[in-house]
Amino acid sequence: MAPRRGAPSASSIGGNTPTKSSRNSGAHRLLAAALIATTVLSTTTAPVNARLADRSRVVKARGSRRDNNNLAIEGAAYRGRQSGVLDDADATSASIESSTTTTPQLKAVDAAAPTNVFNEATTDRQLLRGTPTDNDYEDPTLFSRRLSSQLTGCCYTYQSYSAADMCSLYGEDCESGETPSHDSGDESCEQDGLSFIGISFSVNTASGNPYSYQLCDQFPMENIIDRNYDYVMSMDEDGWLVGGGYKSFDYSGKMPYIDSSHTELLRIGSLDASKGGTTISQVYAAMSSVAFAPFSVYPEYLKGGGGHHSGDGGGEVPSSDVTLIVSIVDTYDDDNSYSTYDTFLDNLFSAMYSVSSGACMDDHDTDPHVSMARGVKFKSSYHQQQYMYNANLEVAVWQAMYPKGTPIGSNGYASFPAGSRGNKQYVGYGNLYFFFDRANITKAFSPYRDLTDDESYYATLYTSSDVSSYYSSTTNIGFDYSGSGDGGDWEHNPYSWKATMAMHDMTDGWTLPPNCEQEGETFFGIPLSRKSDSNLQASSTFQTQFNFENIVDRNNTYIKSFGTNHGWLVGEQIGNGAGSIVDKDTAHIPIFYTGTTNPNMGGISLSNLIKVGKKIDFGTLYVKPAFVFIDDNGHIKLQFEMDPNSALAYLYDNLCKMLGIAWNYDTPYNKEGVYTNCAMHASGDRSKYGCGPEGSGVGGFCPQMTIAYSARFQSEEHAAAYLYKCNNYVDYWRSIYPSGVAVGTNSFCPSGGCLGLFLNRYDLFNVFKPGLGGSWVEYNGGAIQPTFLPA
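The residue numbering used here restarts from 1 in each chain and proceeds along that chain's sequence as written. Local features in a predicted model are, by the rule used here, given only for residues with pLDDT of at least 70; side-chain atom pairs are given and counted only at 80 or more, and totals for whole chains, interfaces and linings are based on all residues. Water and hydrogen atoms play no part in the side-chain values, which are based on all heavy atoms of the structure.

Draft legend 1. Quick look at the pattern of salt bridges. Each salt bridge in this description consists of a side-chain nitrogen of Lys or Arg and a carboxyl oxygen of Asp or Glu lying within 4 Å of one another. Applying the stated criterion to the full structure yields twelve salt bridges. Where E517 meets K379, a salt bridge forms, and the shortest distance between an N and an O atom there is 3.6 Å. With E517 in the loop between α14 (468-473) and β12 (523-527) and K379 in the loop between β6 (369-378) and α11 (381-401), this pair connects stretches of sequence that are 138 residues apart. Here R554 and E549 are joined by a salt bridge, their closest N and O atoms 2.6 Å apart. Burial status follows relative accessibility: with a 1.4 Å probe on protein chains alone, a residue under 20% of its type maximum counts as buried, one over 50% as exposed, and anything between as partly exposed. Owing to a relative accessible area of 17%, R554 belongs among the buried residues under this scheme. Helix and strand assignments come from DSSP, with helices taken as H or I runs of at least 4 residues and strands as E runs of at least 2, each series counted from the N terminus.

Draft legend 2. A look at the packing of aromatic side chains. Between the rings of Phe, Tyr and Trp (Trp by its six-membered ring), a pair exists once the centres lie within 6.5 Å; its type follows the angle of the planes, with under 30 degrees stacked, over 60 edge-to-face, and the other angles tilted. Enumeration according to the criterion identifies 47 aromatic pairs in this entry. When the ring of Y284 is compared with that of F434, the centres are 5.9 Å apart and the planes differ by 90°; the resulting orientation is edge-to-face. Separated by 150 residues along the polypeptide, Y284 in helix α9 (residues 280-288) and F434 in strand β10 (residues 432-437) bring together distant segments of the chain. One exposure class covers both Y284 and F434, and it is buried. Their ring planes at 65° and their centres at 5.6 Å tell us that Y413 and Y426 sit as a pair that is edge-to-face. Separated by 13 residues along the polypeptide, Y413 in strand β8 (residues 409-415) and Y426 in strand β9 (residues 424-429) bring together distant segments of the chain. A residue is classified by how much of its surface remains accessible, and Y413, at 59% relative accessible area, is exposed. For Y426, a relative accessible area of 40% corresponds to the partly exposed category. Members of the aromatic cluster, each reached through a chain of ring pairs, are F546, F548, F640, Y729, Y732, W733 and Y737. Sitting over a ring, as applied to charges here, requires NZ of Lys or CZ of Arg to be within 6 Å of the ring centre and within 35 degrees of the ring normal. Of note, R227 hangs over the ring of Y246, and the distance from its end group to the ring centre comes to 5.3 Å. Of note, K443 hangs over the ring of Y284, and the distance from its end group to the ring centre comes to 5.6 Å.

Draft legend 3. Here's a closer look at the sheet that holds strand β19 (residues 755-758). The strand order across the open sheet formed by five strands is β14-β12-β19-β20-β21, and the pairing between neighbours is antiparallel. Lying at the two open borders of the sheet, with one neighbouring strand each, are β14 (588-593) and β21 (775-777). Taken over all neighbouring pairs, the strand axes of this sheet differ in orientation by 30° on average, direction set aside. For two strands to be treated as a pair, DSSP must find at least two bridges joining them. For β12 and β14, the ladder comprises five bridges, and the chain directions are antiparallel. Within β14, the position partnered with F524 by the bridge is F592. Contact definition: two residues touch when any of their heavy atoms are within 4.5 Å. The convention used is that axes are lines fitted to C-alpha atoms, helices contributing only their stretch in contact, and that angles between N-to-C directions extend from 0 to 180 degrees. Along the sheet face, helix α15 (residues 606-615) touches β12, β19, β20 (764-768) and β21 and points at about 25° away from the line of β20.

Draft legend 4. View of the confidence of the model for the protein. Per residue, pLDDT captures the predictor's confidence, and it can take any value from 0 to 100. Chain-level pLDDT for the protein is 80 on average; 74% of the residues reach the 70-or-more range. No element of the protein has a lower mean pLDDT than helix α6 (residues 103-129), which averages 34, and none a higher one than strand β7 (residues 406-407), which averages 98. Low pLDDT, under 50, characterises residues 1-136; the predicted model gives this stretch 120 contacts beyond four residues in sequence or across chains. In this model residues 781-791 is a low-confidence stretch, pLDDT under 50, and it forms 41 contacts with partners more than four residues away in sequence or in other chains.

Draft legend 5. Representation of the sheet that holds strand β17 (residues 704-708) in the model. If you trace the three strands from one edge of the open sheet to the other, you get β15-β16-β17, paired in antiparallel fashion. Each edge of the open sheet is held by one strand with a lone partner, namely β15 (625-630) and β17. Here the average twist between neighbouring strands, direction ignored, is 20°. Summarising the sheet, β15 and strand β16 (residues 636-640) pair through five bridges and their orientation is antiparallel. Of the residues in β16, the one forming a bridge with F629 is K637. Where helix α17 (residues 716-736) meets the sheet, it contacts β15, β16 and β17, and its direction lies at approximately 170° from that of β15.

Draft legend 6. Region of interest: a negative patch on the surface. Residues E172, D173, E175, E178, D632, E716 and E717 make up a contiguous surface patch of negative charge. Locating E716 in the fold gives a position in helix α17. We classify E716 as partly exposed; its relative accessible area is 39%. In this scheme, patches are assembled from residues that exceed 30% relative accessible area and form no salt bridge. Like charges are connected within 9 Å, while nonpolar side chains (Val, Leu, Ile, Met, Phe, Trp, Tyr) are connected within 5 Å. With residues, only the protein chains shown are counted as cover, and all accessible areas are computed by Shrake-Rupley using a 1.4 Å probe. Neither His nor the chain ends contribute to the count of charged residues, in which Lys and Arg are positive and Asp and Glu negative. Charge positions come from single atoms, namely NZ of Lys, CZ of Arg, CG of Asp or CD of Glu.

Draft legend 7. Looking closely at the state of the cysteines. Pairs of cysteine sulfur atoms within 2.5 Å are identified as disulfides in what follows. Under the criterion given, the structure shown has six disulfides. Each sulfur of the disulfide joining C167 and C174 lies 2.0 Å from the other. Taking the sign of the S-S torsion, about 90° here, the bridge from C167 to C174 comes out right-handed. Of the two residues examined, C167 and C174, each falls in the buried class. Between C516 and C678 runs a disulfide, and the two sulfur atoms are separated by 2.1 Å.

Spelled out as structure tokens, the structure:
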């Protein structure tokens, strides 16, 4: 086994190699010492615990990095002294003086360092992929002891580097702004948006979110989703958008949203009138002036296609969207050749124009469809075909039940918006709704007349009759649903999994490792969210060191829209013009994805994760921002420095050793004896294989915080200007935290540097203090997701 850092060599301990007689006499001396130690221990009445002192106090008075003997107590000089390279104060002083040269000289020295690192990476890569050597093994007890005694601070090597310099070192582009602008070409519309008028298919089910609306009694949407993962391997972080939503403690760790299934009839777009949008009051006024009869909806077919193809799956499993196609049934009044739906659309457009709707509103109706899931990866082409067949067989049953379509609605009560007390109203049938965003209905608009006898029969058929005969008599599919991703034969190969897949695009599905049957979004990470007056929900404040409001574009000076329903992940504003989901601040740095919490699907239970977390003796976790960039998927991210010698890096190494999957001759070990097949990190992975100039780029350690998904800028020039603005502020953070900072508040982790266990991006559940200082449950249960929206 390789000597532990700082351990003296054999020659420094005993000089020359001992002879046989000296070995024997040494053995007698060791035996006598052992007997004396036994006697002392037997007479000791109080237990004695020895551990290294907490050095966090050093950070509070960082005037000098030297002790009374003028020896370095932290940083590169300290590490050199520990390894025996520099043993005297003069040599250490020379080291520090050479590191405080001008910035250009420092760049010239360090620019060559990555070359050596990457030359050594060849050996590292072989160790990660091949048979480990004897020197790779380290006793878990010794490793844990070394882990808890890590230095305070981090990231000393590149202290003089700017954010732009760091961006270049990490191989990213922070200057050109070369990213899709998605400019619609309508100069009058300066901000795209997602608000719309539509029909809801939301259902409340036992397996879903208990706060989901029951607005659709006609289509049991839960029958066309694969909640049990019989066919689907993975999806994006939102999971199924239909069928009831998700509970907070779902095994999959999906976002705990209410059911948001719907079909758009008219895209209103932006709600910011100053950007070419239409205000909520204008929408309400226009809708209130339009009369409409209950519309009947006919289910056409379910299909796959589209998708994200983020590239983190190695290309062997395609990702696609799953969509239910529906149509509005044309009905005619008084022998009119113009259908009631076409008449409604004409009247609605006229009403919107009369209230001076903005240029961002669509000038045509939307093809009715229900988006069911995005970024879906099936286990194989066979599994995809089986899912499509079974789901479309259910649609065929619905067609048999509703040959002329059916009005959508419910014989229940609901509050609009969700969570508004004292505002419950009868839902009824045939309503249209205004959706501020996908998950927030703010107002219901009722039809001008009641249902006819035929409409009433079909609208209540599923809930008031025995429909088993429709299921037993429907044995084949009488419509064409081809084109649903049937692009040849393929099958997921779990052994194509790579350690770099831990750096995952959350708008796409995971590629799972061997013996893992269900995805999961649970992870260990560092919470960075904070309460803000601009946020809808009462976000908890977990740190006061970084104000991320300084790197977001609230007024859309640079950004036109987002490619997903999520806006700024550091918290969205009430009434944001883009109509993004109004989420609380979910800022965090994911460190280690543990996967599903379902042991029956290859995962590890939440209780066992907490047991392992309580046994990890780690040092105070310091983080240091490096730069803001746009990744290959168009997501805006804040990169933190990857320092393989920091406490955070050693924590990652330990998590891999304890909970990583068995991979390439390496197997995990922890004292609890609990393991998982679904972690997205290998047991043999180490921080030195991570990203940046000090990593070899073949592992999964790369501390980043996602600021926004799929940002669409006004132009490349706007993207470049945004990055320039952000990285100017990152330079400020780098100047005030040259050695990083251990985040926390006076009430949350007051000493800083805590580790969190997240159920998903939304819910921090458990917190662990450094140095086995204790843990506690931080979960804010009871909140409705999303909560009350005072639109």
